[in-house]
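An overview of the molecular structure
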Amino acid sequence: MTADGLVSYHFGILRAVPHVHLAAFVNIGVVLHARTAEYLGMRAIDDARELHALSPDVDAELLARYLGCYRSICEGDAAAGPIALVSPSERFHWMTAPRSDVLQVSPVHEGLGEDPARALDELFARFVTG
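Rules of the game
- What you see as residue numbers is a count from 1 along each chain, following the sequence as written.
- Two thresholds apply to this predicted model, a pLDDT of at least 70 for residue-level local features and 80 or more for giving and counting side-chain atom pairs, whereas whole-chain, interface and lining totals are computed over all residues.
- Hydrogens and waters are ignored; side-chain quantities use all the structure's heavy atoms.
- Only DSSP runs of H or I with at least four residues qualify as helices, and only runs of E with at least two residues qualify as strands; both kinds are numbered from the N terminus onward.
- The classification of residues rests on relative accessible area computed with a 1.4 Å probe and restricted to protein chains. Under 20% of the type maximum is buried, over 50% is exposed, and intermediate values are partly exposed.
- Any pair of residues with heavy atoms lying within 4.5 Å of one another is described as a contacting pair.
- All accessible areas in this document rest on Shrake-Rupley with a 1.4 Å probe, and a residue is counted as covered only by the protein chains that are shown.
- None of His or the chain ends enter the tally, which takes Lys and Arg as positive and Asp and Glu as negative.
- Just so you know, the charge point we use is NZ for Lys, CZ for Arg, CG for Asp and CD for Glu.
- Each Phe, Tyr or Trp ring, with Trp reduced to its six-membered ring, pairs with another whose centre is within 6.5 Å; inter-plane angles below 30 degrees give stacked pairs, above 60 give edge-to-face pairs, and intermediate values give tilted ones.
- A positively charged side chain is recorded as over a ring if its NZ (Lys) or CZ (Arg) lies within 6 Å of the ring centre. The angle to the ring normal must also be within 35 degrees.
- The arc under discussion is defined with respect to the helix axis, by the directions toward the C-beta atoms.
- The pairing criterion for strands is at least two bridges between them, as found by DSSP.
- In protein, a polar contact means a hydrogen-donor-capable atom and an acceptor-capable atom, both N or O and within 3.5 Å, with residues adjacent in sequence counting only if both atoms are side-chain atoms; elsewhere, any N or O pair within 3.5 Å suffices.

1. Structural notes on the overall build of the protein
Scanning the protein from terminus to terminus reveals four helices and five strands. Listed N to C, the secondary structure of the protein is β-β-β-α-α-α-β-β-α in terms of helices and strands. Along the longest, intermediate and shortest principal axes, the C-alpha atoms of the protein span 50 × 35 × 25 Å. Split into buried and exposed, the 130 residues of the protein put 40% on the buried side. Across the protein, every contact between residues at least 6 apart in sequence was considered, and the portion connecting residues at least 24 apart equals 61%. Within the structure as shown, the protein displays about 7,100 Å² of accessible surface, and the carbon and sulfur contribution to it stands at 53%. Taking the average place of the 10 positive charges on the side chains of the protein and the average place of its 17 negative ones, the gap between the two points comes to 2 Å.

Okay, here's the thing in structure tokens:
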């Protein structure tokens, strides 16, 4: 936390990539990590029908399963496997690592805010639903 009460955070935009070789994508969520506030959160469109409407060429059922797995990892759910049991920082870095698949994450960006959960909601509204 900074002297003025602000919390620094890092975030990445979750993207649906129907044709990896074309590099076209649709923003479908946000993952945010504020280390000093011990916060790791994620918001995403995870309804298969909504995902299909946003990106008709993507395998919406597969993408919804991926997002469910990401959510479980973000929440530290042991059922998601060993990666869910590491520190929030390590989970965030794993979730935002570059990959070539139907679910990708933008480069990581940084910000400052009073409340990481509110920042997550605002970023979701700005980059996904806005």
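2. Observations regarding the side chain of Ser55
Mapped onto the elements of the fold, Ser55 is located in the loop between α1 (48-54) and α2 (60-75). Judged by its relative accessible area of 4%, Ser55 falls in the buried class. Setting aside residues no more than four positions away along its own chain, Ser55 makes contact with Pro18 and Val26.

3. A few points about the packing of aromatic side chains
What the rule picks out here adds up to three aromatic pairs. Of the aromatic side chains, those joined through ring pairs into one cluster are Tyr9, Phe11 and Phe127. Just above the ring of Phe25 sits the side chain of Arg15; from NZ or CZ to the centre is 3.9 Å. The ring of Trp94 carries Arg99 above its face, with NZ or CZ at 4.7 Å from the centroid.

4. Structural notes on helix α3 (residues 88-95)
Along α3, the positions that sit buried rather than exposed are Arg91, Phe92 and Met95. Along α3, the residues classed as buried sweep out an arc of 100 degrees about the axis, all on the same side. Buried residues along α3 sit in contact with β1 (7-16), β2 (26-34), β3 (39-44), α2 and β4 (103-105).

5. Focus on the pairing of β2
Along any regular strand the residues' side chains alternate between the sheet's two faces. Where burial is concerned, most of β2 is hidden: seven out of the nine residues are buried. Sheet topology note: the β1/β2 ladder contains seven bridges and is antiparallel. Each bridged residue has a counterpart across the sheet, and for Leu14 the counterpart in β2 is Gly29. Connecting the antiparallel pair β2 and β3 is a turn made up of four residues, with Glu38 showing a positive phi of about 50 degrees.

6. Some words on the environment of Cys69
Here Cys69 shows up in helix α2. Considered as a pair, Cys69 and Ala80 are eleven residues apart in the sequence and their alpha carbons are 6.4 Å apart.

7. Quick look at the side chain of His33
Residue position: His33 is located in strand β2. One polar contact links His33 to Ser89, side chain to side chain, over a distance of 3.3 Å. If we skip the residues at most four places from it in the chain, His33 touches Tyr9, His10, Tyr39, Leu40, Pro88, Ser89 and Phe92.

Scope: geometric values only; no functional claims are made or implied.
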